[in-house]
Amino acid sequence: MCRASSGTRSRSSKATCTRFTRLRAAAHHDLLCIDELGYRELDRHGAGLLFQVLTERVERNSVDIASNESLGGWTESFTGPRLCAALVDRLTFDGTLIEIGTDSYRLAGTRARAEHIEAS
């Protein structure tokens, strides 16, 4: 897919190739951090690439994911419940889930500043 000469690939194909190359490179780092997973909907191809990267990392390298969405809410971000279940399976296998609450720290900070201003 990424080996065709640049003159023969479409713009979307070039973007896909770039994404694929970056994801493949990310698969080999000691720690892969993904922020806001579940925030944006992934198309079928993007979700498939993420699945491939996570599958390659299973039992070899660490993954850290931050999300304001619960695991149950991820089904709306991925192309289907089966793929979402497979991704959650890969992420939770021999891993640790840490839930820190429902509000983001940004929202909590904003509320604290607003309360401080009102009290002044």
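Keep in mind the model is a prediction, meaning the values are calculated, not measured.

Student: Mind showing me how you'd approach the packing of helix H2 (residues 44–57) against helix H3 (residues 81–92) here?
Tutor: Geometry of a packed helix pair, given as the angle between the helix axes and the separation of the axes. Two numbers describe how H2 lies on H3: the axes approach to 10 Å, and their chain directions differ by 25 degrees. Classified by the interaxial angle, the pair formed by H2 and H3 is roughly parallel. Crossing handedness for the pair H2 and H3: left-handed. Facing Ala47, Gly48, Leu50, Phe51, Leu54 and Thr55 of H2, the residues of H3 in contact are Leu83, Ala86, Leu87, Arg90 and Leu91.

Student: Explanation requested: the pattern of salt bridges in the structure shown.
Tutor: Any two side chains of opposite charge can pair if their charged atoms end up close together. Scanning all chains against the criterion turns up one salt bridge. The partner of Asp89 in a salt bridge is Arg90, and the shortest N-O contact between them spans 3.6 Å. For Arg90, a relative accessible area of 27% translates into the label partly exposed.

Student: It is not clear to me how unusual backbone geometry should be interpreted in this structure. Could you clarify?
Tutor: It is generally the case that most residues other than glycine have a negative phi and that most peptide bonds are trans. One non-glycine residue, Glu36, adopts positive backbone phi at about 65 degrees. Residue placement: Glu36 occurs in the loop between strand S1 (31–35) and H2. A residue is classified by how much of its surface remains accessible, and Glu36, at 27% relative accessible area, is partly exposed.

Student: Mind showing me how you'd approach H2 here?
Tutor: Working note: α-helix, 3.6 residues per turn, so residues spaced by three or four point in the same direction. Compared with an ideal rise of 1.5 Å per residue, which puts 14 residues at 20 Å, H2 spans 20 Å between its outermost C-alpha atoms and is within 8% of the ideal. Turning to H2, its buried residues are Gly46, Ala47, Leu49, Leu50, Val53, Leu54 and Arg57. Here the buried residues of H2 occupy an arc of 160 degrees about the axis, which is enough to place them on one side. Directly after H2, the chain includes Glu59, whose backbone phi takes a positive value near 65 degrees.

Student: What should I look at first to understand the nonpolar core in this one?
Tutor: Across soluble globular proteins, nonpolar side chains have a tendency to be buried as a group. In this structure, Leu32, Ile34, Leu37, Ala47, Leu50, Val53, Leu54, Trp74, Phe78, Cys84, Leu87 and Val88 together form the largest nonpolar core, which totals 12 residues. Of all the secondary structure elements, the ones that give two or more residues to this core are S1, H2 and H3. Of the residues forming this core, the biggest block, four residues, is contributed by H2. In this structure, Phe78 is in contact with Leu37, Leu42, Ala47, Leu50, Cys84 and Leu87, ignoring residues within four places of it in sequence.

Student: Help me understand the environment of Thr55 in this model?
Tutor: With respect to the helices and strands, the residue Thr55 is situated in helix H2. Along the backbone, Thr55 and Leu91 are 36 residues apart, and their C-alpha atoms lie at a distance of 9.0 Å. At 3.4 Å, the side chain of Thr55 and the side chain of Arg90 are in polar contact.

About the thresholds
Residues numbered from 1 in each chain as written. Predicted model: local features only at pLDDT ≥ 70, side-chain atom pairs only at ≥ 80, totals over all residues. Heavy atoms only, no water. Axes fitted to C-alpha atoms, helices over the stretch in contact; angles between N-to-C directions. Helix = DSSP H or I, 4+ residues; strand = E, 2+ residues; numbered from the N terminus. Parallel < 35°, antiparallel > 145°, perpendicular 65-115°, else oblique. Left-handed = near helix turned anticlockwise from the far one by under 90°. Contact = heavy atoms within 4.5 Å. Salt bridge = Lys/Arg side-chain N within 4 Å of Asp/Glu carboxyl O. Buried < 20%, exposed > 50% of the residue type's maximum accessible area, 1.4 Å probe, protein only. Expected span 1.5 Å × (residues − 1). Arc of directions from axis to C-beta. Core = buried A, V, L, I, M, F, W, Y, C linked by side-chain atoms within 4.5 Å. Polar contact = N/O pair within 3.5 Å; in protein donor to acceptor, adjacent residues only side chain to side chain.

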